[in-house]
Amino acid sequence: MSTFIPKYIVLIIALFLLNGCDAEAQNTKESKLEQELSALKQDVSELKKQLATIGTQVKEIHNIATASQQPKHKTLTTQENFAGDEALAKLGDASADLAIVEFSDYQCPYCKRYVDTTFSKLKTNFIDSGKVKYIARDFPLGFHKQAKGAAVAANCSLQQGAYWPMREQLFNNMRQLGDELYQSSAEKLELDMDKFAKCLEDETVLAKVELDISYGSSLGIRGTPSFLVGRVEDGHLVNPTLLVGAQSYETFAAVLNELASAPAEQSGE
């Protein structure tokens, strides 16, 4: 009996110690869990801050993108004879309320970019629909040696009703500009070759090109492509906007839509 009691006491002490070890382990686990939860809360808080920052940046990008569709531009004085005469190539309804006057150079890569990426959309959505009258003028730059001859060839094609297909030929073959290309393009378009050849030597056609250059220079145009975009009132282009460079379709659409929605008496403001 005396031997059993110490053994019993030892067993109770052992159990107590075991239970004490289990409690300590549990406390350790709970402490570790609390630390992990605290760290997780910090991560979530930091993530919220980052998301807020990203949201602000996205808003700023959106504002910049929206503003870019309203480009900075120059407003010119009202142009009285902007449409010229029959010597100018034109597209669209002659009575359209809006007009675009293009100044272009057949050796200018930016002019080709505009033709390739923007012009067709403008033609479909604004010109062919009767909203815009489109007028093409020449502005061959002095350092483009073939540009003036190409402009003459295009104007000679205009005399036979083939300006726009010749324009396409010239831009598509910009690196081959020269007499050989003009002749082969005229043949492809089935022009009267004798009439075309005489026109290429006609000083009045060259004078028309020079007149376009002079007119563009008087407006402050120095590079190509450049465009006058404005509202037509009583045959005048009222305070047109001057756009310079190979602008996107979205830029043109923004300006045209703004002009179209403005009351006539406010379009020049």
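Residues numbered from 1 in each chain as written. Predicted model: local features only at pLDDT ≥ 70, side-chain atom pairs only at ≥ 80, totals over all residues. Heavy atoms only, no water.

## Side note on helix H2 (residues 109-127)
- Look at H2: only 24 Å from first C-alpha to last across 19 residues, short of the 27 Å you get at 1.5 Å a residue.
- Taking the largest bend as the criterion, H2 deviates by roughly 50°, centred on Thr118.
- All of the buried residues in H2 are Cys111, Tyr114, Val115, Thr118, Phe119, Leu122, Phe126 and Ile127.
- Elements that come into contact with the buried residues of H2 comprise strand S2 (89-91), strand S3 (98-104), strand S4 (132-138), helix H4 (163-172), strand S5 (226-233) and helix H8 (249-261). (Helix = DSSP H or I, 4+ residues; strand = E, 2+ residues; numbered from the N terminus. Expected span 1.5 Å × (residues − 1). Bend = angle between axes of the 7 residues up to and from the residue. Buried < 20%, exposed > 50% of the residue type's maximum accessible area, 1.4 Å probe, protein only. Contact = heavy atoms within 4.5 Å.)

## Remarks on the environment of Gly223
- With respect to the helices, strands and loops of the structure, Gly223 is situated in the loop between helix H7 (203-218) and S5.
- For Gly223, a relative accessible area of 23% gives the class partly exposed.
- Between the C-alpha atom of Gly223 and that of Ser104, which follows or precedes it by 119 residues, the distance is 8.7 Å.

## Focus: the pairing of S5
- Of all eight residues that make up S5, seven are buried, and the element is covered over most of its length.
- Two elements, S3 and S5, share six bridges in a ladder whose sense is antiparallel. Looking at S5, one finds that Ala99 is bridged to Gly230.
- Bridging between S5 and strand S6 (residues 236-244) involves seven bridges; their strand directions are antiparallel. Across the sheet, the residue bridging to Val232 is Leu237, located in S6. (Pairing = 2+ DSSP bridges.)

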